[in-house]
Amino acid sequence: MNGLRLYFRFAALSLRAQAQYRVSFALWSVAQFIGVGVEFLAVWVLLDRFGAIRGWNLPELSILFAIVNIAFAVAESFGRGFDMFPGVVKNGDFDRLLLRPRSTAFQVSCREFQFLRVGRLLLGVVLFAWGAAHSSVAFGAAKLALLAGAVAGGACVFYGLFILQATMSFWTIESLEIINALTYGGTETAQYPLSFYRPWFRRFFTFVVPLAFVSYIPAGVLLGRDTTPALPEAARWCSPLVGVVFLAITLLIWRFGERRYVSTGS
Amino acid sequence: MKPYLALFRARCRVLLQYRAAAVAGFGTQLLFGLVKMMVLEAFYTHARVEAPLTLAQAISYTWLAQAFFHLLPFSANPDPEVRDMIRTGHVAYEMTRPIDLHGLWWMRALASRTAPTLMRAVPMFLVAVPFLGLQAPASLPSALAFTVTILAAALLTSAFTTIITATLMWTVSGDGIARIMPSLVSVGAGLVVPLPLFPAWAQPILSALPFRGMADEPFRLYLGDLPPSAALPVLAKQLVWTAILVLIGRAIVASGRRRLVVQGG
């Protein structure tokens, strides 16, 4: 069986299993909707107090917020195996993955999925619809393609961050709160236009962790506004490419980390 | 009183061992604080309206929120050990102890709110005061007012956590409450956005809830946004709410005990 088919087999299996827990599904989704909604409340409070900032009004900010959170929701669903990975190192289960005839990254990615927390996704869709209805964006074919590309690229970048987090546990063994800082902190960061931040911070999230390419920059193109730092127009359209390249680099780092692995032996 | 103090001290000693977790939590809070600080800077520098807090005060408020983040019942699971006890039935052992169950859980909550907070708040002050714009307390009386009210805030948040813990005795629905409450509390206490920045119409609602005394009011006493003379009313409100939450918590624990069936084996 080829890798891709096997992957979707596992995903479908996981979906069927999780569909059995309806109450848990509802509770988690509501909790997540509220938890992420609280973040948007912060955006609203600040705009209500100060008015539009650097030309960004509430509908436009909600479009940006939606793109980031939809992408993160997708990455969170599929990247669950990496998110939960530190436990695998800690209890020594990683040894077993090393014995099987597939790459470890592939096995980890199939281990777990999280399809039933739809709160973040739902909020993203609602906010996007509201933002699109209240701003003056004309959605032609090109802009829809850009949007799809931004979400796909964003999912890749966040997935890559989940891989980086998991890779760190080859060294730390323990699962530490700080490794959530990159993923959840990254979402928090990308929810606002990067022009809000200081230059060093903006550069880090543009050129090192390329979150800008999948959130702020495509949102800027979508809304027809300039973005800083100024980039050639072609570069502003390349979200999916940036996402895939970043994901590939994180997989290389994963391989490097894997060579450092020392079993906990239990 | 004595067994409760002993319990509190013992729990604190256990929790103070988790130093790596504290360092990690500190790092996370630092990143989130930086993001919030820069967002506030962007809004303040481009706005032409007068805000109820100055930028320097809003930034200090944000760093206080990061330093005392752990004081609030954030984890979806307020006390994982008690949760497991309820799930496995070991809670029956707890009931045989010659002390009150609610008091026991409250002291556990108090320890798990204060000891980790201490380990995170001290480094945050050491970094944020010299480098990140956290102001020193407005005056000596302000500092005193802050110290007293933040201690009362610990009593208040742990009384609240104990209610969430007690709802776990109704496992399924209790789980839902334990997951949803933290987000609401964090807004109401001022950890998401400084409460003075909320619109004027929202202020009476925020003041009517118990959450404001968990962070916002102590922080504003620190900043001098509330004068030191406001410390007494704030403290009184915190203690009244603590008493109310303790009564509610006791009622929940009592009714949970009545319906509890411990399976043998």
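K.L.:
In this structure, what is going on with the overall build of chain B? I would like to understand it.
P.N.:
Looking only at helices and strands, chain B has 11 helices and zero strands in total. If one aligns the C-alpha atoms of chain B with their principal axes, the spans along those axes are about 70 × 40 × 35 Å. A total of 265 residues make up chain B; the buried ones form 56% of that total. Expressed as a percentage of contacts within chain B between residues at least 6 apart in sequence, the contacts between residues at least 24 apart total 81%.

K.L.:
Teacher, can you tell me more about the packing of helix α9 (residues 141-172) of chain A against helix α10 (residues 180-190) of chain A here?
P.N.:
The packing of two helices is summarised by the inter-axis angle and the distance between the axes. All names here are of chain A. Where α9 meets α10, the axes come as close as 8 Å, and the angle between the chain directions of the two elements is 160°. Overall, the two elements α9 and α10 adopt an arrangement that is roughly antiparallel. When α9 is examined against α10, the residues Phe158, Leu161, Phe162 and Gln165 are found in contact with a partner set consisting of Asn180, Leu182, Thr183, Gly186 and Thr187. For the contact of α9 with α10, the class distribution of residues is four nonpolar, five polar and no charged.

K.L.:
How do you make sense of the environment of Leu16(B) when you look at a structure like this?
P.N.:
Residues and elements named next belong to chain B. With respect to the helices and strands, Leu16 occurs in the loop between α1 (2-15) and α2 (19-46). According to the relative accessible area criterion, Leu16 is partly exposed, its value standing at 31%. With 103 residues separating them along the chain, Leu16 and Met119 place their C-alpha atoms 7.6 Å apart. Non-local contacts of Leu16, meaning those with residues more than four positions away in its chain, are made with Ala115 and Met119.

K.L.:
How should the packing of α1(B) against helix α6 (residues 101-131) of chain B be read in this particular structure?
P.N.:
Residues and elements named next belong to chain B. Contact pair α1 / α6: the axes reach a minimum separation of 8 Å and the direction vectors enclose 40°. Classified by the interaxial angle, the pair formed by α1 and α6 is oblique. For α1 against α6, the interelement crossing comes out right-handed. The segment α1 lies against α6, with Tyr4, Leu7, Phe8, Arg11, Cys12 and Leu15 engaging Gly103, Leu104, Met107, Arg108, Leu110, Ala111, Ser112, Thr114, Ala115, Pro116 and Met119. Partitioned by chemical class, the residues of the contact of α1 with α6 number 12 nonpolar, three polar and two charged.

K.L.:
How should the interface of chain A and chain B be read in this particular structure?
P.N.:
When the parts come together, some accessible area is lost, and that loss is often what is quoted as the size of the interface. Across the contact, 34 residues belong to chain A and 42 residues belong to chain B. Buried surface at the junction of chain A and chain B, both sides included, amounts to about 3,400 Å², of which 77% is carbon and sulfur. Taken together, the links from chain A to chain B amount to two salt bridges. Across the pair Glu188(A) and Lys36(B) runs a salt bridge whose closest N-O atoms are separated by 3.7 Å.

K.L.:
Where do I start with the packing of aromatic side chains in this structure?
P.N.:
Aromatic ring pairs: the centre-centre distance and the angle between the two ring planes describe each pair. Per the counting criterion, the structure on display carries 38 aromatic pairs over all chains. Between Trp44(A) and Trp201(B), the aromatic rings sit 6.5 Å apart at their centres with planes inclined by 55°, giving tilted as the arrangement. Of this pair, Trp44(A) sits in helix α2 (residues 22-50) while Trp201(B) sits in the loop between α8 (171-189) and α9 (203-208), which puts the two residues in different chains. Owing to a relative accessible area of 26%, Trp44(A) belongs among the partly exposed residues under this scheme. When its relative accessible area of 58% is taken as the criterion, Trp201(B) is described as exposed.

K.L.:
Explain the state of the cysteines here, please?
P.N.:
Every disulfide links exactly two cysteines, by a covalent bond between their sulfur atoms. Residues and elements named next belong to chain A. If you walk through the whole model with that rule in mind, you get zero disulfides over all chains. Note on Cys156: no disulfide assigned, nearest cysteine sulfur contributed by Cys238 at a separation of 13 Å. Residue Cys156 is classed as buried on the basis of its relative accessible area, which comes to 18%.

K.L.:
What exactly am I supposed to notice about the confidence of the model for chain B here?
P.N.:
When pLDDT drops low, the exact placement of atoms in the prediction is not to be read closely. A residue-level look at chain B finds 94% of positions with pLDDT of 70 or above and a mean pLDDT of 87. Looking over chain B, one finds the lowest element-wise mean pLDDT in helix α4 (residues 80-88) of chain B, namely 73, and the highest in helix α10 (residues 216-223) of chain B, namely 97.

K.L.:
Got a minute to help me understand helix α14 (residues 239-259) of chain A in this structure?
P.N.:
Since there are 3.6 residues in each turn of an α-helix, residues three or four apart along the chain are aligned in direction. Residue and element names in this part refer to chain A. Counted at 1.5 Å a residue, the expected span for α14 with its 21 residues is 30 Å, and the 31 Å between its end C-alpha atoms agrees. Regarding α14, the residues found buried are Ser239, Val242, Gly243, Phe246, Thr250, Trp254, Gly257 and Glu258. Seen end-on, α14 carries its buried residues on one side only, within an arc spanning 150°. In α14, the exposed positions angled more than 90 degrees off the buried face are occupied by Leu241, Leu252, Arg255 and Arg259.

K.L.:
What is the right way to read the pattern of salt bridges from this model?
P.N.:
Any two side chains of opposite charge can pair, so long as their charged atoms come close to each other. The tally for this structure, following the rule as stated, stands at 12 salt bridges over all chains. One salt bridge in this structure joins Glu76(A) and Arg120(A), with 3.7 Å as the shortest N-O distance. One end of the pair, Glu76(A), is in helix α3 (residues 58-78); the other, Arg120(A), is in helix α8 (residues 119-134), and 44 residues separate them in sequence. Arg120(A) gets classed as buried once you look at its relative accessible area, which sits at 9%. Where Arg220(B) meets Asp225(B), a salt bridge forms, and the shortest distance between an N and an O atom there is 2.9 Å. Overall, the relative accessible area of 12% leaves Arg220(B) in the buried class. On the basis of relative accessibility, which here comes to 27%, the residue Asp225(B) falls in the partly exposed class. Each of Arg212(B), Asp216(B), Arg220(B) and Asp225(B) takes part in one network of salt bridges that share partners.

K.L.:
I tried to follow the environment of Val127(B) on my own but got confused; where do I start?
P.N.:
Residues and elements named next belong to chain B. Topologically, Val127 is positioned in helix α6. With 97 residues separating them in the primary sequence, Val127 and Leu30 have C-alpha atoms 9.3 Å apart. Once residues lying within four places of it in the same chain are set aside, the contact partners of Val127 are Phe26, Leu30 and Leu132.

K.L.:
Would you mind showing me how to read the nonpolar core here?
P.N.:
Among soluble globular proteins, nonpolar side chains are generally buried collectively. Trp254(A), Trp105(B) and Phe219(B) are the most contacted members of the largest nonpolar core, which has 155 residues in total. Per element, the largest residue contribution to this core is 13 residues, and it comes from α9(A). Setting aside residues no more than four positions away along its own chain, Trp254(A) makes contact with Phe82(A), Phe85(A), Phe94(A), Thr104(A), Ala105(A), Val108(A), Ile163(A), Ala166(A), Thr167(A) and Phe170(A). Within the second largest apolar cluster, six residues are counted, among which are Ala145(B), Leu221(B), Leu226(B) and Ala230(B).

Reading guide: rules and limits
Residues numbered from 1 in each chain as written. Chains lettered and ligands numbered in written order. Predicted model: local features only at pLDDT ≥ 70, side-chain atom pairs only at ≥ 80, totals over all residues. Heavy atoms only, no water. Helix = DSSP H or I, 4+ residues; strand = E, 2+ residues; numbered from the N terminus. Buried < 20%, exposed > 50% of the residue type's maximum accessible area, 1.4 Å probe, protein only. Contact = heavy atoms within 4.5 Å. Axes fitted to C-alpha atoms, helices over the stretch in contact; angles between N-to-C directions. Parallel < 35°, antiparallel > 145°, perpendicular 65-115°, else oblique. Nonpolar A, V, L, I, M, F, W, Y, C, P; charged D, E, K, R; others polar. Left-handed = near helix turned anticlockwise from the far one by under 90°. Buried area = accessible area lost by both parts, 1.4 Å probe. Salt bridge = Lys/Arg side-chain N within 4 Å of Asp/Glu carboxyl O. Phe/Tyr/Trp six-rings, centres within 6.5 Å; stacked < 30°, edge-to-face > 60°. Disulfide = S-S within 2.5 Å. pLDDT = per-residue confidence, 0-100. Expected span 1.5 Å × (residues − 1). Arc of directions from axis to C-beta. Core = buried A, V, L, I, M, F, W, Y, C linked by side-chain atoms within 4.5 Å.

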